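# Observations on the three-dimensional arrangement
In case you want the letters, here they are:
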Amino acid sequence: MEQRILSRSQHPISRKAIDRAALNIIYRLYNAGHTAYLVGGGVRDMLLGRPPKDFDIATSARPAQIRLLFPNCRLIGRRFRLAHIYCGAQKVIEVSTFRRWPDPELTAYTCEDDFQLEEGEEGIILDNTFGSPQDDARRRDFTVNGLYYDVGSYSVLDYVGGTHDIEHRLVRTIGDPDVRFREDPVRMLRAIKFCAKLHFEMEEATWRAIRRHHADIAQSSLPRVQEELQRLLELGNLRVSLRLLLESGLLRDLVPNLDRNLNHLHDQEAFESLLDLYDQEGVPSDRTFSFAVLVLSLILDGDRGRSSRRHLARDFLEPLSDCFGICRRTQEEVARYLSDLQQLLYGAPKGRERGELLARPSFINSFKLYQMLAQVGAVSADQYAYWRECWENREESSWSRPAPKKALKSA
Ligand code: ATP
Ligand code: MG
């Protein structure tokens, strides 16, 4: 791969967009005679004109040298030590030494080691894992994540073809996708995350490799899988995330129940419209609500949607929550939305029962979900009009008209 250097006039990154604390770390590394670049998601996002989530730094300084330079620094990681530099109460900047991807045969190094970040453990530091900036770029996951920004020369350094893929909006592995996904199957979920987050397409060979290797996801550690799935919920592009999870085969390996459900929906179109609606209007980063939207696929699944709360929890919510790493409290909250929705759709609560339903704190969100079902035409207009009136007049207790019986249009 040809090296490409974009000078200041060839890219939109302005130094003003860079976090002050990250700049200070880079300058201190420079002053001590080291090379240091911004790397990863921060560079990618600045090139795209998006506000970066965080700034990572890659440097020629070894972990022990970094520690000497920064008193507010902790070294973490088992095999390969990363430095976390604490800047104030909230901010941590990750500084890693340029390294190459070691040959797993020679070092018994596994990718999982790379992500075991127990603090303070004495790791076996293999000197031959350190490398050049080029090596460091090549061991990263996707071309768009392998770019450096050199604060000294204001230029973007591209050793992996990332600038081409940013221009063409493509997620492509660095190197052979079969090898890269075998090395670390979590990268398959990360590929989907970046497509959903950046509104990029998956490059063809990368996609074909995911379709071949999806079953390997079972070898990855659950916390890493959960972390990536939770990020998908936070991104609020559920339509794309779910489509890619389904079509790749990954969803079948991860949560067979949800996969089956989505493949056998009575009203596929309504669910897809629901996802579109949520992606347009949803509250990004509201993980609970995104999770509830996923679970709505159950409600749209005619008979199953009527199962008892206990059955729904056991057969569906619990396995789904385990895989997504959803805590018990959120799980219970979503179970409440589901049972509220069941009441709206299939029950006909009257009098005190109805009053209690409308007064429940969870009902605001349940009603929001119900409204979304109505907006995509999954609820009859009569029924929706009735409940909307109940909701708008919930302070008044004089409601005596019975709820219309007809529930889901499709059921
Ligand atoms: P986000 O904006 O979601 O944080 P990011 O690209 O910064 O995206 P991180 O998970 O923060 O993603 O990782 C930082 C960088 O570390 C990535 O950009 C990539 O270069 C590298 N990286 C992370 N995970 C892997 C992996 N599994 N394999 C190879 N490189 C990885
Ligand atoms: Mg990041």
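Residues numbered from 1 in each chain as written. Chains lettered and ligands numbered in written order. Predicted model: local features only at pLDDT ≥ 70, side-chain atom pairs only at ≥ 80, totals over all residues. Heavy atoms only, no water.

### A look at unusual backbone geometry
At Arg-169, a position not held by glycine, the phi torsion is positive, near 55°. On the basis of relative accessibility, which here comes to 38%, the residue Arg-169 falls in the partly exposed class. Positioned with a positive phi, His-199 is a non-glycine residue whose angle comes to about 60°. By the secondary structure assignment, His-199 is in the loop between helix 9 (186–198) and strand 10 (201–202). The exposure class of His-199 is exposed, given its relative accessible area of 55%. (Buried < 20%, exposed > 50% of the residue type's maximum accessible area, 1.4 Å probe, protein only. Helix = DSSP H or I, 4+ residues; strand = E, 2+ residues; numbered from the N terminus.)

### Section: the sheet that holds strand 7 (residues 147–150)
Backbone-to-backbone hydrogen bonds pair the strands of a sheet. The strands run either parallel or antiparallel. Strand order in this open sheet of eight strands is 1-8-7-2-3-6-5-4, and the pairing throughout is mixed. The open sheet terminates on both sides in strands that have one partner only, identified here as strand 1 (4–6) and strand 4 (73–76). Across the sheet, the mean angle separating the axes of adjacent strands is 30° when strand polarity is ignored. Bridge count between strand 2 (residues 36–39) and strand 3 (residues 56–59): four bridges; the pairing is antiparallel. Looking at strand 3, one finds that Tyr-37 is bridged to Ala-58. (Pairing = 2+ DSSP bridges. Axes fitted to C-alpha atoms, helices over the stretch in contact; angles between N-to-C directions.)

### Overview of the packing of aromatic side chains
Counted according to the given criterion, the structure contains 15 aromatic pairs. Three or more aromatic residues joined by ring pairs form one cluster here, namely Phe-363, Phe-367, Tyr-370, Tyr-384 and Trp-391. (Phe/Tyr/Trp six-rings, centres within 6.5 Å; stacked < 30°, edge-to-face > 60°.)

### Describing the pattern of salt bridges
Enumeration over the complete set of coordinates arrives at 27 salt bridges. The salt bridge partner of Arg-187 is Asp-184, with a shortest N-O separation of 3.9 Å. The shortest N-O distance in the salt bridge between Asp-276 and Arg-239 comes to 2.5 Å. Taken together, the residues span a long stretch of sequence, with Asp-276 in helix 15 (residues 268–281) and Arg-239 in helix 12 (residues 238–248) at a distance of 37 residues. In this structure Asp-276 comes out as partly exposed when scored by relative accessible area, which is 29%. Residues joined in a network through salt bridges with shared partners are Arg-180, Glu-183, Asp-184, Arg-187 and Arg-224. (Salt bridge = Lys/Arg side-chain N within 4 Å of Asp/Glu carboxyl O.)

### Here's the deal with the site of ligand 1
Around ligand 1, 19 residues are found, and the nearest of them are Asp-184, Arg-187, Arg-190, Lys-197 and Arg-231. Residue Asp-141 places a main-chain N or O atom 3.2 Å away from a nitrogen atom belonging to ligand 1. Contributions of two or more residues to the shell around ligand 1 are made by helix 2 (41–47), helix 9 and helix 11 (222–235). When residues of the shell around ligand 1 are assigned to their parent elements, the largest contribution, five residues, is made by helix 9. Each of domain 1 (1–168) and domain 2 (180–254) contributes no fewer than three residues to the shell around ligand 1. (Near = heavy atom within 4 Å. Polar contact = N/O pair within 3.5 Å; in protein donor to acceptor, adjacent residues only side chain to side chain. Domains from an automatic or database assignment.)

### Things to note about the packing of helix 15 against helix 16 (residues 287–299)
The N-to-C vectors of helix 15 and helix 16 enclose an angle of 170°; their axes lie 10 Å apart at closest approach. With respect to each other, helix 15 and helix 16 are oriented roughly antiparallel. Where helix 15 abuts helix 16, its residues Phe-271, Leu-274, Leu-275 and Tyr-278 lie against Phe-289, Ser-290, Val-293, Leu-294, Leu-296 and Ser-297. Residues that form the contact of helix 15 with helix 16 fall into these classes: eight nonpolar, two polar and no charged. (Parallel < 35°, antiparallel > 145°, perpendicular 65-115°, else oblique. Contact = heavy atoms within 4.5 Å. Nonpolar A, V, L, I, M, F, W, Y, C, P; charged D, E, K, R; others polar.)

### Details of the nonpolar core
In terms of nonpolar packing, the biggest core is built from 111 residues, with Leu-38, Ile-57, Phe-324 and Leu-373 touching the most fellow members. Excluding anything up to four places from it in sequence, Phe-324 contacts Gln-226, Leu-229, Gln-230, Leu-233, Val-255, Phe-291 and Leu-294. Counting residues in hydrophobic clusters, the runner-up holds ten residues, among them Val-39, Ala-58, Phe-98 and Ile-174. (Core = buried A, V, L, I, M, F, W, Y, C linked by side-chain atoms within 4.5 Å.)

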